[in-house]
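# Structure at a glance
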Amino acid sequence: MKKTFRLVCFYAGLVLLWDALYKLRIWPPYVFPSPGEVLTALRQGFVDHTFWIGLAVSLKRVLAGYAISVVVGVVLGFLIASSSLIADTLGSLVMSLQSLPSICWLPLAVLWFGLSEKAIVFVVIMGSLLAVTMDTSLGIRHIPTIYLMAGRNLGARGHRMFFHVLVPASLPHLVSGLKHGWAFAWRSLISGEMIFVSLGLGQLLIMGRDLNDMSQVIAVMFLIMAIGYVVDRVIFDRLEHRMQAKWGLAQTA
Amino acid sequence: MAALVEVIGSRIDLRNHARAKLTLRGVSRDFVASKGKLVAVHEIDLEVREGEFICIVGPSGCGKSTLLNLIAGLDRPTRGEILLDGRPVNGPGVDRILLFQEHGLFPWLTVRENVEFGLRMKGVPRKERQERARHYLRLVHLTHFENSYAHQLSGGMKQRVSLARSLAMEPALLLMDEPFAALDAQTRDMLHEELERIWAETRKTIVFITHNVREAVRLGDRVVLMTFRPGRIKLDLPIILPRPRPMDDPEVAVAATSVLALLREEIEKAMLEELQQ
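What comes next concerns the included structure. (Residues numbered from 1 in each chain as written. Chains lettered and ligands numbered in written order. Predicted model: local features only at pLDDT ≥ 70, side-chain atom pairs only at ≥ 80, totals over all residues.)

### Structural notes on the overall build of chain B
Scanning chain B for helices and strands turns up 8 helices and 10 strands. Its C-alpha radius of gyration of 19 Å places chain B within 12% of the 19 Å reference for a compact globule of 277 residues. C-alpha atoms of chain B, sized along the principal axes, occupy 55 × 45 × 40 Å. Going through the 277 residues of chain B one by one, you find that 42% of them count as buried. (Helix = DSSP H or I, 4+ residues; strand = E, 2+ residues; numbered from the N terminus. Rg over C-alpha atoms; globule rule 2.2 N^0.38 Å. Buried ≥ 20, exposed ≤ 12 C-beta atoms within 10 Å, placed from the backbone.)

Pasting the structure below:
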């Protein structure tokens, strides 16, 4: 309750400050719109369906890229953790590629796939795949030895060891990998869309700039933030909390 | 005193000469250390009879855990052989179940699922699995907790689940590596009683490692004392006191004192070596 009160006060103050700055007229209104104008732009965008379409297109792309990243990333992560040969080779490649912002893949993606949906999905994959891979392999390497010993002692071998001990024991890291992967996927998508692809939220943002409509730019920014936040907080945080409670790790939360 | 008990003990040895469950012959294990070879255990000869409860005591670093790992098959001896029911031990097997100090229960499974785990790995059908798990949970008095998760239990309860999980495998040999060391005194006393009762009911052969001499005397048919590096058998003492033996029983105390004196020598040796490093 106290927390909600603080939050409301903080954001109300922020909006008031914004409005006050607007009223001071330091910048012309087309550069620095008022909160009211942004709200109008937001409503307008939904009323004329452009935001709905943008949202649907962006979500479709991010889900496609993210789904592929999760499947491939988890498999790669297990491979890297399972053999020191793969860890030293593929693992080091994944590590070095991770320092590359995914948008750097866009020129190549356009060459390979043309100006198509495939190119943007490829950028999304390159953004989130590596995070999922790293967290998965980390999760397996951080499994307490006692679980492996207990598993082996009780006769778990081969695929049984894998599915009944390794996978569940690495679940906490796996979930955080999924969360990181999502964050990267969403960011990659928006930067990709801002550069070339039609429709989508990133494109709406650029369109606002081209039309000198800062209200629309800010409205779309809010939208992008809202989606990222909702998925992160509502879906992944809940998943994490539920798992931690079941595992008895919730004390830190 | 110790010598006297030993003489009596050897006579008992002759009397109930039961079948040897576990035989160690000249078992040694060397490790390659930075300053050369480290002999963890050296030339161990040991025979454990069917249904016997033996306790191995020794200072830390005497190789008692190494010895247990060798019996469990998680490690191989450098020299010598280990026989279970007359057959050599090659690698780990579910006929020898280890119990650790850290219980090692899986946090993603309920208590009953934990107890079922080994049976599931063996491919025992669900129904039979559940029945056996319930049976062993009853044995450790945890029937009401079958649907709880490990973190909801106290330390002693976790160790009891771990015991049930091991027993459910119906192993020929139960290997316990300081299972009660992390528990408070009252809980430990309770678990001693429970373990003794379960042992009496199931007639399992138990090899129990501890650094607590009283615990060893309280529980063991025999107390085996190991020397500090290299780990050799210094004393193999039959305990012929009637059961149950409370920890504060004067006779337990007397027997413990004689073992403790010998253990002290080893602890001093260990401390001296540590100082020299």
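Still more ground to cover, so stick around.
### Examining the pairing of strand β9 (residues 222-226) of chain B
Residues and elements named next belong to chain B. Most of β9 is tucked away: 5 of the 5 residues are buried. Alternating positions in β9 separate into two faces, Arg222, Val224 and Met226 on one and Val223 and Leu225 on the other, with burial throughout. Looking at chain direction, strand β3 (residues 53-57) and β9 are connected through 4 bridges and run parallel. Its bridge partner being in β9, Cys55 is matched across the sheet by Val223. Where β9 and strand β10 (residues 233-238) come together, 5 bridges link them in antiparallel fashion. Note on β10: the bridge partner recorded for Leu225 is Leu235. Counted along the chain from β9 to the antiparallel partner β10, the turn is 6 residues long. (Pairing = 2+ DSSP bridges.)

### A word on the packing of helix α3 (residues 50-82) of chain A against helix α10 (residues 200-210) of chain A
All names here are of chain A. Two elements in contact, α3 and α10, have axes whose closest approach is 6 Å; the angle formed by their N-to-C orientations is 135°. The pairing of α3 with α10 is recorded here as oblique in orientation. From α3, Thr50, Gly54, Leu55, Val57, Ser58 and Arg61 reach across to α10, where they touch Gly200, Leu201 and Leu204. Its residues assigned to classes, the contact of α3 with α10 comprises 4 nonpolar, 4 polar and 1 charged. (Axes fitted to C-alpha atoms, helices over the stretch in contact; angles between N-to-C directions. Parallel < 35°, antiparallel > 145°, perpendicular 65-115°, else oblique. Contact = placed C-beta atoms within 7 Å. Nonpolar A, V, L, I, M, F, W, Y, C, P; charged D, E, K, R; others polar.)

### Digging into helix α6 (residues 117-141) of chain A
Residue and element names in this part refer to chain A. End to end, α6 covers 36 Å across 25 residues, agreeing with the expected 36 Å (1.5 Å per residue, within 8%). A bend of about 25° at Ser128 is the largest found in α6. Summarising burial for α6: 21 of the 25 residues are buried, a large majority. (Expected span 1.5 Å × (residues − 1). Bend = angle between axes of the 7 residues up to and from the residue.)

### Describing the nonpolar core
Residue and element names in this part refer to chain B. Core analysis: the biggest nonpolar cluster contains 87 residues, and Ala164, Leu175, Val207, Val223 and Val259 have the highest contact counts within it. Per-element accounting of this core gives the leading share, 6 residues, to helix α5 (residues 155-168). Residue assignment places this core across two domains, with domain 1 (2-95 + 172-276) and domain 2 (104-170) each supplying three or more. Apart from the residues lying within four places of it in its own chain, the contact partners of Val223 are Cys55, Val57, Ala216, Val217, Leu237, Ile239 and Val259. (Core = buried A, V, L, I, M, F, W, Y, C linked by C-beta atoms within 7 Å. Domains from an automatic or database assignment.)

### Here we look at the sheet that holds strand β7 (residues 173-177) of chain B
Backbone hydrogen bonds hold the strands of a sheet together, and the pairing may be parallel or antiparallel. Residue and element names in this part refer to chain B. Spatially, β6-β7-β8-β3-β9-β10 is the arrangement adopted by the 6 strands of the open sheet, whose pairing is mixed. With one partner strand each, in any of the chains shown, β6 (96-99) and β10 form the two edges of the open sheet. Put simply, the sheet's adjacent strands are angled 15° from each other on average, direction ignored. In this structure, β3 lies alongside strand β8 (residues 205-210), joined through 5 bridges in parallel fashion. Of the residues in β8, the one forming a bridge with Ile54 is Val207.

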